[in-house]
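Notes for the structure review
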Amino acid sequence: MKKYFLQFLLIFFLIFTIACNKNNNKFMSEKIIKTEEEWMSQLNDEQYYVTRLRGTERAFSGKYWNHKEYGIYSCICCNQDLFLSDTKFDSGCGWPSYFSPINSNVIIEKKDISHGMIRTEVLCSKCNAHLGHVFPDGPPPTGLRYCINSASILFRSID
Ligand SMILES: [Zn+2]
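Not measured: the values here are computed from a predicted model. (Residues numbered from 1 in each chain as written. Predicted model: local features only at pLDDT ≥ 70, side-chain atom pairs only at ≥ 80, totals over all residues.)

On a regular strand, one side chain projects to one face of the sheet and the next to the other, so that they alternate. As judged from the five bridges shared by strand E1 (residues 71-75) and strand E9 (residues 153-157), these two strands associate in the antiparallel manner. Each residue of the ladder has a partner; that of Gly 71, found in E9, is Ser 157. Note: E1 against strand E2 (residues 81-84), three bridges, orientation antiparallel. Considered in E2, the bridge of Tyr 73 is made with Phe 83. The antiparallel pairing of E1 with E2 creates a hairpin that spans five residues between the two strands, and Asn 79 there sits at a positive phi of about 70 degrees. (Pairing = 2+ DSSP bridges. Helix = DSSP H or I, 4+ residues; strand = E, 2+ residues; numbered from the N terminus.)

Pasting the structure below:
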């Protein structure tokens, strides 16, 4: 009798462990994938052009290049939190600039050789939205400048 009980316990724990791992994996690799039509209906023309077609808004034209409120900037496509106002600085380049993302998991950096330049493209890790580029001419502590299109982010204030 005791032997069966132990076997039962063992099977129970095995199932429990497998179920937990499944949930973890789901959480870690949770990507948002939508069709072009779905993105088009969710975003306005400029947001779609920047985030899904890897476009760039005109300098000094976006709503956040000179925005100085305290809060969080998240991805316009999937709401993932990307940048804190604490890391925003006045770069004078005409786009919102940050010296680091909220953490390294929220962005993907990719080599970009378009337009005859070698740059590092910055994308949202959850939905692959094009956000902007990162350059090695930022202020301390990182020395990096994440040059981000206003059209790819959404600000919300925090108390
Ligand atoms: Zn996103």
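Here the chain averages 89 in pLDDT, and 82% of its residues register 70 or above. The low-confidence segment residues 22-27 (pLDDT under 50) makes zero contacts with residues lying over four places distant or belonging to another chain. (pLDDT = per-residue confidence, 0-100. Contact = placed C-beta atoms within 7 Å.)

Turning our attention to the sheet that holds strand E5 (residues 107-112). With antiparallel pairing, the six strands of this open sheet are ordered in space as E3-E4-E8-E7-E6-E5. This sheet does not close on itself; its edge strands, each paired only once, are strand E3 (88-89) and E5. Here strand E6 (residues 119-124) pairs with strand E7 (residues 130-135) via four bridges, running antiparallel. Paired with Val 122 across the strands is Gly 132, a residue of E7.

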